[in-house]
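So the chains spell out like this:
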Amino acid sequence: KLKIATIGGGSSYTPEFIEGIIKRYDELPVDELWLVDIDEGLRKLEIIGALSRRMVSKANLPIKIFTTTDRREALKDADFVTTQLRVGGLNARAKDESIPLSHGFIGQETNGAGGLFKGLRTIPVILGIAEEMAELCPEAWLINFTNPVGMVTEALARYSKHRRFVGLCNVPIGIERGIADMLNIDHDRIRIDFAGLNHLVYGFNVFIDNENKTKEVFEKYMEGSISVNMKNIEPMAWDKEFLRALNLIPCPYHKYYYKTVEMLKNELEQFQKGITRATEVMKTERELFKIYEDPGVDTKPVELEKRGGAYYSDAACNLISSIHNDKGDLQVVDTINNGAIKDFADEYTLEMTCRITRSGLKPYKFIDEFPMTVKGLIHEIKAFEILGAEAAAEGNISKAVLAMILNPLIADDSAGKRLFYDMLEANRQYLPRF
Ligand code: NAD
Ligand code: G6P
Ligand code: MN
Ligand code: MN
């Protein structure tokens, strides 16, 4: 019996995941999918559950869909557990974005101050899930999408007894597909070697039909004839000279670090009109659930494309299938370095191209160390992730304050501290350890 449990099942992304499972039924014959949520999410969960059942029955597949708030029942004997939850919901996200802006700093749900507080709220919950998995489904893989994926993976690596965990993001697959589209080739023909951290990952080598085409593709990319973005990030062109000198493919989230001034200016302009990404997503979510509720709807609606998580389901289902079928192919995941990058501690986690088998994920070594040009930023953010992970798990305020101050988007002790305590106040209810 192949059983998957999805925690945060009421997410509006779930129909995309269902679509991915339906598409792959031949290689991944799921018997049971358990969608788990909490009381506050129960209405959403039931709407999603009913839509999922309509989708499965339209495809004529014997996949059983369960909805529950009993997490332990869902975890019992599961083979895969995916997590896509949001502690505090979109209201908490709105604060993660708006409070930093009101202090004059970037407001983003996974980077800077917002990322830190999302991490502090989320990590205890994910560690709790991992602990239950060690007891109820010790062989199962935990596939974590819950942001901030980098900090959460770091927490799992440091504190979880359950060792079968992996972090996953749609950014690498999104960049691959974006470039394939621009080159007008099928996405199956392209593969990019990626390394870095979550939402701070760089593309190094590009292969088309297994041939190294890095030079040609970089040339087009750097001319600006290829641009890749995500729906949740303001599309802003890179400086060509900068790209050429860097000679790597940055990810869209790098704009918060390499274009901080412009990104902040843009966010502040929106913020003055009362708009943040959270308020936009709240609108999209209301639209989506109106559609999901309609008993005549039995497929994933196009409106879901307004969300930033495009291809999230392909990333997830490909990963699950490769583990389940022991494929040994290459995919980009967040996992423990384990000696792959020499000047990066063995126990640190990174986001990197890995070989995916039933027994685990093995970084695929295509570089020995990070280039000097990006190493500094990667290490700064790694320190931020580690401090955030430790602060959340230990309930340690000093580590959390230090994480805030050291983050390059803040980098100021007194302003960082003021921002920290403002956000702490706003998050009290979700931070029982502080
Ligand atoms: P959402 O606000 O719809 O939340 C999803 C569900 O989680 C809600 O139904 C909510 O009730 C539930 N929830 C909250 N606390 C819970 C708990 N303790 N246990 C179980 N369920 C709980 O969020 P969303 O916009 O659908 O995003 C979900 C998560 O996925 C977020 O953390 C987001 O950052 C992440 N995400 C990650 C990627 C990626 O690249 N890794 C892509 C898309 C979304
Ligand atoms: C991208 C990122 C995710 C993030 C999402 C936000 O897909 O990889 O980690 O959660 O964007 O999208 P949203 O529609 O919620 O702003
Ligand atoms: Mn992501
Ligand atoms: Mn691919």
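Scroll up a little and you will see the structure.
I will try to describe carefully the structure that is included in this document. None of these values were measured; they are calculated from a predicted model. All residue numbers refer to position in the chain's written sequence, counted from 1. Going through the entries in the order they are written, you letter the chains from A and number the ligands from 1. Local features in this predicted model are restricted to residues whose pLDDT is 70 or higher, and side-chain atom pairs enter the listing and the counts only when it is 80 or higher, whereas totals over whole chains, interfaces and linings include all residues. To obtain the side-chain values, all non-hydrogen atoms of the structure were used and water was disregarded.

Re the coordination of the manganese ion (ligand 3)
Heads up, the condition is: We call an atom a donor if it is N, O or S and sits within 2.8 Å of the metal, or 3.2 Å for Na, K and Ca. Water is not counted, so some sites may look partial. Note on conventions: DSSP H or I runs of at least 4 residues are helices, E runs of at least 2 residues are strands, and numbering of each starts at the N terminus. For every residue, the accessible area (1.4 Å probe, protein chains only) is compared with the maximum for its type, and the residue is labelled buried under 20%, exposed over 50%, or partly exposed between those bounds.
Around the manganese ion (ligand 3), the protein contributes the donor atoms Cys169 (SG) and His199 (NE2), at 2.2 to 2.3 Å from the metal centre. With Cys169 in the loop between β6 (165–167) and α7 (171–182) and His199 in the loop between β7 (190–197) and β8 (200–208), this residue pair connects regions lying 30 residues apart in the sequence. Here the two residues Cys169 and His199 agree in accessibility, since each one is buried.

Focus on the site of ligand 1
Heads up, the rule is: One heavy atom within 4 Å of a molecule or strand is enough for the residue carrying it to be called near that molecule or strand. In the analysis that follows, any N or O atom pair within 3.5 Å is treated as a polar contact, provided that within protein one partner can donate a hydrogen and the other can accept it, and provided that, for residues neighboring in sequence, both atoms belong to side chains. The method behind every accessible area is Shrake-Rupley, applied with a 1.4 Å probe, and residues are considered shielded solely by the protein chains displayed. Gly counts as polar in this scheme, as do all residues outside two lists: the nonpolar Ala, Val, Leu, Ile, Met, Phe, Trp, Tyr, Cys and Pro, and the charged Asp, Glu, Lys and Arg.
Taken together, 25 residues sit near ligand 1, with Ser11, Asp37, Arg86, Lys118 and Arg307 positioned nearest. Here a nitrogen atom of ligand 1 and a backbone polar atom of Phe145 are 3.0 Å apart. Separating an oxygen atom of ligand 1 from a side-chain N or O atom of Asn170 is a distance of 3.1 Å. In isolation ligand 1 has 860 Å² of accessible area, and contact with the protein removes 92% of it. In terms of residue class, the shell around ligand 1 is built from 9 nonpolar, 9 polar and 7 charged.

What to know about the site of ligand 2
Taken together, the neighbourhood of ligand 2 is formed by 16 residues, with Arg93, Asn147, Asn170, Arg277 and Gly308 sitting nearest. Separating an oxygen atom of ligand 2 from a side-chain N or O atom of Tyr253 is a distance of 3.5 Å. Here an oxygen atom of ligand 2 sits 2.8 Å away from a polar atom, N or O, in the side chain of Arg307. Out of a free accessible area of 390 Å², ligand 2 has 94% covered by protein chains. Looking at the shell around ligand 2 residue by residue, the classes come out as 6 nonpolar, 6 polar and 4 charged.

Quick word on the environment of Leu35
Keep this limit in mind: Only heavy atoms matter for contacts: two residues are in contact if any of them lie within 4.5 Å across the pair.
Structurally, Leu35 can be placed in strand β2 (residues 32–36). In this structure the C-alpha to C-alpha distance between Leu35 and Lys375, which are 340 residues apart in sequence, comes to 40 Å. When neighbours within four sequence positions are excluded, Leu35 is seen to be in contact with Thr6, Gly9, Thr14, Leu45, Ile48, Gly49, Ser52, Ile65, Phe66, Thr67 and Thr68.

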